[in-house]
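Letter by letter, the chains look like this.
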Amino acid sequence: QLDPENTGFIGVETFASLVHSHELPLDPAKLDMLVALAQGNDEGQVCYQELVDLISSKRSSSFKRAIANGQRALPRDVLLDETGLGIYKRFVRYVAYEILPCEMDRRWYFYQHRTCPPPVFMAAVTLTQIIVFLCYGARLNKWVLQTYHPEYMKSPLVYHPGHRARAWRFLTYMFMHVGLEQLGFNALLQLMIGVPLEMVHGILRISFLYLAGVLAGSLTVSITDMRAPLVGGSGGVYALCSAHLANVVMNWAGMRCPYKLLRMVLALVCMSSEVGRAVWLRFSPPLPASGPQPSFMAHLAGAIVGISMGLTILRSYEESLQDQCGWWVLLLSYGTFLLFAVFWNIFAYDLL
């Protein structure tokens, strides 16, 4: 009746009168967004498909632009003003302000957030790392500098250039750690940064970013530090942290997390200290060892992956990565690096 020519569009005034004259069972937040979408349309029309996308919790880039360029701001445009929230909803709001730089994105995430699926990837990885560490600690009766124990490096999980033919080691080394300090640092960052990122961006994006950092770490070590073993999940951790920190810097004015400058400085100091400690253990070990100590190159490789590929992932909240040219360029670059590293591990060791 409202669109007799079946064009897929109706006028703004018609749409507004329809919304206000009918008691539609709509979420109040979505109703606010619908009205803002109607008033922000340059052609004075509302697209049926955008209406369907909003009702089904799918947001297109055109809808985002319509809201951002609308003739009025969304009502209650400060999410912190929401009162009467339960503990979990307050935590979701906290995550929104920690991760997202735009108030519209924060409100959209807050209202459409669902508890299923939960952020299980980072929690599962951290729990597995703790269990593996406890098993080896109890077995070797050693809880610090475990790599100095001769039996530790015989683990089938540790990456070592001499065992590069066993391809699973390029990933499974992330479950092994030098000692309590490294495990505690990685576990803390994975839970404090990785879990909120997974809640906002989903398990697929964050697991891909984390594993890309882990794989880049082992392959970089195989090229640049050809005799050193590798343990710890620092490649994945630094991919997450560097991507998040870069996203905060790029959107500094829009971020509303408290004490952001102090927290940024503390994060950089902690990460730099961890890298310095890894360099020290690699070249000036405190105890005599039977072989080279674990490499630190995974930290740097993970940071590079996070700043490049990770920043693209985190800046495109709820928008398809496949529609972005920059994403394909970075993915091609990463694929080229993987291909080069694979051939290096096949041929370069024998040649050199």
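My aim in this report is to walk through the structure given alongside it, one point at a time.

Reading guide: rules and limits
- Residues numbered from 1 in each chain as written.
- Predicted model: local features only at pLDDT ≥ 70, side-chain atom pairs only at ≥ 80, totals over all residues.
- Heavy atoms only, no water.
- Salt bridge = Lys/Arg side-chain N within 4 Å of Asp/Glu carboxyl O.
- Buried < 20%, exposed > 50% of the residue type's maximum accessible area, 1.4 Å probe, protein only.
- Helix = DSSP H or I, 4+ residues; strand = E, 2+ residues; numbered from the N terminus.
- Polar contact = N/O pair within 3.5 Å; in protein donor to acceptor, adjacent residues only side chain to side chain.
- Contact = heavy atoms within 4.5 Å.
- Phe/Tyr/Trp six-rings, centres within 6.5 Å; stacked < 30°, edge-to-face > 60°.
- Lys NZ or Arg CZ within 6 Å of the ring centre and 35° of its normal.

This model, assessed by the stated rule, comprises four salt bridges. With its nearest N and O atoms 3.4 Å apart, the salt bridge here joins Lys154 to Glu151. Taking relative accessible area as the criterion, Glu151 reaches 34% and is therefore assigned partly exposed. For Asp225, the salt bridge goes to Arg282, with nearest N and O atoms at 2.9 Å. Remark: Arg282 occurs in helix H12 (residues 260–283) and Asp225 occurs in the loop between helix H10 (203–224) and helix H11 (234–250); sequence separation between them is 57 residues. In this structure Asp225 comes out as buried when scored by relative accessible area, which is 12%.

The subject of this paragraph is the side chain of Ser222. Structurally, the position occupied by Ser222 is in helix H10. Side-chain polar atoms of Ser222 contact the backbone oxygen of Leu219, separated by 2.5 Å. Setting aside residues up to four positions removed in sequence, Ser222 forms contacts with Tyr159, Trp344, Asn345 and Tyr349.

Under the criterion given, the structure shown has 10 aromatic pairs. Look at Phe208 and Trp327: their rings are 6.0 Å apart centre to centre, the planes differ by 65 degrees, and that puts the pair in the edge-to-face class. One end of the pair, Phe208, is in helix H10; the other, Trp327, is in helix H14 (residues 325–351), and 119 residues separate them in sequence. A cation over an aromatic ring shows up here: Arg164 above the ring of Tyr349, its NZ or CZ 3.8 Å from the ring centre. Positioned over the ring face of Phe283 is Arg282, at 5.3 Å from the centre of the ring.

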